[in-house]
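An overview of the molecular structure
Listed below are the residues making up each chain.
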Amino acid sequence: MGGLQKKKFERGSATNYITRNRARKKLQLSLPDFRRLCILKGIYPHEPKHKKKVNKGSTAPRTFYLLKDIRFLLHEPIVGKFREYKIFVRKLKKAYGKTEWSAVERLRENKPTYKLDHIIKERYPTFIDALRDIDDALCMCFLFSTFARTGKCHVQTIQLCRRLTVEWMNYVIASRSLRKVFLSIKGIYYQAEVMGQLITWVVPYQFSHDHPVDVDYRVMATFTELYTTLLGFVSFRLYSSLNLVYPPKLDSNGESEPKEESEDDYAMNSESYLEKLSALSASLARVVSSADEEEAQLDQFPSEGEDMEKMEAREKELKQQEAQKKLFEGLKFYLNREVPRESLAFVIRCFGGQVSWDKSVCIGSTYDVTDETITHQIIDRPSVGKQYINRYYIQPQWLYDCVNAKILLPVEDYFLGVTLPPHLSPFVEEKEGDYVPPEKLKMMALQRGEKPGNEQEEDEEEEEEEGEQEEEEEQEEDDNGDEEDDEEEVAEEKNLKKMEEQRSQGKSLHVKVTPGKLKVENKARLEQEEKAEEKRLAIMMMKKKEKYLYDKIMFGKKRKVREANKLAAKRKAHDDSEKEKKKKARK
Amino acid sequence: MILTFENLSSNMAAARRLKRVAISQPGFLTLNPKVTPTDLVSSRRKRVNKNKKKNWNKYSDVQDVEEFLEDLVNLKFCFLCEEAAEPVKGKKRKGKSSRPLRIDLILQHDSLVAPPKDVLAYQKPNAKKLRRTAERAEKLAANGVVPRSKKRLLNRTVVDRMSKKTETEANNNPERDFYDIWGQETKDLGEPWYLQQTRKKLVKRPEKLNEKPSVLPAVEVIAPGGSYNPDFFSHQELLREAHEVELKKKKVEDKLERQLAYNKADTATEETILREQVEGLVEESEEEEEKDAPKEDGEEVAVGAIAVADKKTERQRKREKAEKMKEQQRLTERRQTEQQQQLFQLRSIKTSIKQQEETTQIRQKRRKAKEEAQKAQPRRLGKLKFQPQDMEVQLSDELAGSLRQLKPEGSVLMDRFKSLQKRNLIEPRERAKFKRRLKVKYVEKRAFKEIS
């Protein structure tokens, strides 16, 4: 066979990839510019399957890009802007060097800039695409908005991030779409459901910044540049979907008007509006002011594939969601100055509560401590000086736990100075047979609207103990308001218990008297037996292979249950030992 | 008069001559109106040589000629404007400049018939209308009504530079506005071909670029043990995980140490050093001999082996060929019988094929599972491997009792950065080291030197 000799690395994967440096040279950009362009356009490096083939026989670790991607980059108008900027910098340097200040000023006025709008449109062709990718954008904006204005990044970027995050929070409040909150040691995780998409973001605690050195700030700033644009467009769309004015305006005829007096001494005029917005205490203005929107009833069309059970389950879920949205409605909160104001105000307003704080803490407080209609005061210190009778003094964790449990939890566990129950992660979903911590079990029982007897006793014991503690404390503080409340509660609970006991006795009698009911039980048992029999037969009828698989699955399940039981036993032992310790300590 | 008196009294011949020349000029005005300029010039005619051209210019009386020429100019040269004519009149300089150019004379209109008057030049179009509008405008102005054109001028927004600046402001401008980018339809500006060629239409983004390089979620929520007030067991679980990570690190470190370890007994003593120094000095000759001896033997053997190979005889070749044929025949026969035998082995063959298929299926499955798992893994994108960040953990005694006392652990910034790396969006990279091109020289300043 004749023909030309085939040369190596002129076909196949070697021609599909391009190294970073070659790509950079092809685009005539410096490395930082190239990196920025790639981030903005969403072009990421690629790991080839056969590195040696791509790398022309060498095994040196290199960064590769797909050649087609780089060709696509060649068409980007922003590349030209980058080059312009490079030249601008060169000219500026020269003007500085020659101390030509007028030239410097002129150059600065004509500084080349670019917009990313077309890139957003290109990368996210539909709104839903953008919404799916909003997690990253939110995290980044919340992070950058907490940065100090120290020159680690551009001050304007920080301001823009702050504005966008405030807009986002206001949207979540207006749409009541917050679902979960988790206070971790790293930051606060939030989850909201916006237009059917679950969106998770993390917000760092305030004042918790030590700037890590091994983070590339330039890369992060580039990502933020893209994400601020994205978030802006998304929030515009979200606002218009709710008929809200964008950029957000405070509702002028709102029932809770922020006080006017303290404005001047709080912030400059130019800043005060954003500050008022970020206070999150007032509602937003709508394009069409609608006094009472009628909730659109969900139409029910049972589709073919679904059966009624699923439909019902979904309906139930919807109802639960509706109930959750109105969780704090009618409650009036007051935040003490030591609690994280922004997070708490956000959470409370997301579920329809009213919130205020001391007017020296932040702008936008709506009522004073002395307001008699306050139902809950959030407090995070061991004791308070003056207490009002008609309000609960609770620790901030109560709010977060309520949100995660989707019901108003009993306030007793969260009273002032009480050891708090653990704050469980709402992001964990236990499968069947997994170990579930007892606190969660209790919460789930509460959700179902019942109180299991055994645990209730425990609860009562604990409550009694706590009650005693509180009594002692209150005696010290010479305030007997809460004590009365507690006594009343204890009395009520006792009554309830008595009634339950009576009921249970009555029930047992009932069973003994009427044989008809016994029959019913028999029927049920028969059914159960039948089912068990069927199952046994089905197992017997299995093929050997299937049987093997089945056994394996069952073994796995049993093992899981066993492990969960072990953990539960361990936990009980732990709790018991703790209790005994407590008792001993008290004695 | 005073001037003339002074001039006269100056007694200088040159001055007198100058005066005479000046007075003889036609436009000269004396201060005393009764005295005519000709009287001032003395009656005695001055003699001059007439054979010099210079004197012709000076002393010949050309006034009457000039007057005549001037008349000509005034009467016939209608195209000369008055302003141009005046200086000519005023100066009345003799010589070439005062005369009309010859070319002008040639171009002169010498027809006796007067040119027809251009009526249109004196008429204004729409004069009546204009007059009326002017009248109306006056009336309106008297009433205080501003005409529309003026109003528009006044209303026109001043193009100030500030507004333009904000328009082209960078995209991190905190006051920038957003619009409905997904709602508005892109309006067609023209032919697609035209748009494409003028680079007004952007190149379509390939679908493949919208795929994410990793299946990991953007925000990975910390384990339940990372709660600020965790459940006992989940906290223990998290601690255990962190412990395992630390153990792994320790193992790697230990391994490295082991590899770098050396036998302590191997350290150099005086004796070994001495031996090393003496090495090769004693028994040198014997060793060399020993080394050389086997070398020579080897060479001889190799040469011998090559020499031994002999040429084959014809007979040998024939026999070899026959043997080869026989062997081939035997093999073909055997193959045939084997194939015949396989007919009876059909069942076992079937089972073996089935087994093979099963194994390939299992392998395929495994490979697929591995690929799936790989999707969630960070890829090797550059020089460095991805290093997961340290786990955020608070020990039992570090846990805060309340939200107020909470000390945040780790940094969200680091978390975000590592997440980007983990999802293959950026390659892990070391910070570029600052390389100084020129050496730095430290010099003590004089003031400093004096003290130290």
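Residues numbered from 1 in each chain as written. Chains lettered and ligands numbered in written order. Predicted model: local features only at pLDDT ≥ 70, side-chain atom pairs only at ≥ 80, totals over all residues. Heavy atoms only, no water.

An unreviewed UniProt entry lists chain B under the name Ribosome biogenesis protein NOP53, with Astatotilapia calliptera given as the organism. Turning to chain B, the UniProt annotation filed under Function (unreviewed entry) states: "May play a role in ribosome biogenesis." As stated in UniProt under Sequence similarities (unreviewed entry), the record for chain B gives "Belongs to the NOP53 family." (UniProt positions renumbered as here; feature names shortened; annotations may be inferred.)

Identification of chain A as Pescadillo homolog from Astatotilapia calliptera is taken from an unreviewed UniProt entry. UniProt annotates chain A under Sequence similarities (unreviewed entry) with the comment "Belongs to the pescadillo family." The record held by UniProt for chain A lists under Function (unreviewed entry) the comment "Component of the PeBoW complex, which is required for maturation of 28S and 5.8S ribosomal RNAs and formation of the 60S ribosome."

**What about the pairing of strand β7 (residues 354-357) of chain A?**
All names here are of chain A. Pairing of strand β6 (residues 332-335) with β7 involves four bridges; the strand directions are parallel. Residue pairing across strands places Phe333 opposite Val355, the latter belonging to β7. Remark: the β6/helix α16 (residues 341-350)/β7 crossover connection has right-handed handedness. (Pairing = 2+ DSSP bridges. Helix = DSSP H or I, 4+ residues; strand = E, 2+ residues; numbered from the N terminus. Right-handed = clockwise from strand over helix to strand, strands pointing away.)

**Overview of the interface of chain A and chain B**
If you look at the interface, chain A gives 104 residues, while chain B gives 74 residues. Buried area between chain A and chain B, both sides added, is near 7800 Å², and the carbon and sulfur share of it is 62%. Considering only the side of chain A, the residues that lose the most area to chain B are A:Ile185, A:Lys186 and A:Phe233, jointly responsible for 11% of the buried surface there. Counting every contact that joins chain A to chain B gives 13 salt bridges. Take the side of chain A that touches chain B: its biggest share by element is twelve residues, from helix α12 (residues 217-241) of chain A. Split into classes, the residues belonging to the side of chain A that touches chain B amount to 54 nonpolar, 22 polar and 28 charged. (Contact = heavy atoms within 4.5 Å. Buried area = accessible area lost by both parts, 1.4 Å probe. Salt bridge = Lys/Arg side-chain N within 4 Å of Asp/Glu carboxyl O. Nonpolar A, V, L, I, M, F, W, Y, C, P; charged D, E, K, R; others polar.)

**Regarding a positive patch on the surface**
On the surface, A:Arg22, A:Lys26, A:Lys56, A:Lys68, A:Arg71 and B:Lys208 cluster together to form a positively charged patch. You can call A:Arg22 partly exposed: its relative accessible area is 47%. (Patch = residues over 30% accessible without salt bridge, like charges linked within 9 Å, V, L, I, M, F, W, Y side chains within 5 Å. Areas by Shrake-Rupley, 256 points an atom, 1.4 Å probe, with all protein chains shown as cover. Lys, Arg positive; Asp, Glu negative; His and termini not counted. Charge placed at Lys NZ, Arg CZ, Asp CG, Glu CD. Buried < 20%, exposed > 50% of the residue type's maximum accessible area, 1.4 Å probe, protein only.)

**Here's the deal with the confidence of the model for chain B**
All names here are of chain B. Residues of chain B with pLDDT of at least 70 account for 75%, and the chain-wide mean is 79. Between the elements of chain B, mean pLDDT differs from a low of 41, seen in helix α1 (residues 2-9), to a high of 95, seen in helix α16 (residues 314-342). Note on residues 1-12: pLDDT under 50 across the span, and five contacts to partners over four residues away in sequence or across chains. Note on residues 35-41: pLDDT under 50 across the span, and eight contacts to partners over four residues away in sequence or across chains. The ipTM, which scores confidence in the relative placement of chains, is 0.76 for this predicted complex, and the corresponding pTM is 0.67. (pLDDT = per-residue confidence, 0-100.)

**Topic: the environment of A:Phe72**
Mapped onto the elements of the fold, A:Phe72 is located in helix α5 (residues 67-73). Sequence-wise, A:Phe72 and A:Lys41 are 31 residues apart; in three dimensions their C-alpha atoms are separated by 9.8 Å. Look past the residues within four positions of A:Phe72 in its chain and what remains in contact with it is A:Lys41, A:Ile43, A:Glu122, B:Val203, B:Lys204, B:Arg205, B:Pro206 and B:Leu209.

**Quick look at the side chain of A:Gln324**
Residues and elements named next belong to chain A. By secondary structure assignment, the location of Gln324 is in helix α15 (residues 308-325). In this structure the side chain of Gln324 is engaged in a polar contact, spanning 3.3 Å, whose partner is the backbone oxygen of Val403. Setting aside anything within four residues of it in sequence, one finds Gln324 in contact with Leu178, Arg179, Phe351, Val403 and Lys406. (Polar contact = N/O pair within 3.5 Å; in protein donor to acceptor, adjacent residues only side chain to side chain.)

**Quick word on the pairing of strand β4 (residues 187-194) of chain A**
All names here are of chain A. Where burial is concerned, most of β4 is hidden: seven out of the eight residues are buried. Where strand β3 (residues 178-183) meets β4, five bridges bridge the pair, whose relative direction is antiparallel. From the neighbouring strand, Leu178 faces β4, where its bridge partner is Ala192. For β4 and strand β5 (residues 197-204), the ladder comprises eight bridges, and the chain directions are antiparallel. The residue of β5 that forms the bridge with Gly187 is Pro204. Once β4 ends, the chain turns through two residues before running back antiparallel as β5, passing Met195 with a positive phi of about 50 degrees.

**Brief notes about the sheet that holds β3(A)**
All names here are of chain A. If you trace the three strands from one edge of the open sheet to the other, you get β3-β4-β5, paired in antiparallel fashion. Looking along the sheet, the strands with just one partner apiece sit at the ends: β3 and β5. On average, adjacent strands in this sheet sit at an angle of 15 degrees to one another, irrespective of strand direction. (Axes fitted to C-alpha atoms, helices over the stretch in contact; angles between N-to-C directions.)

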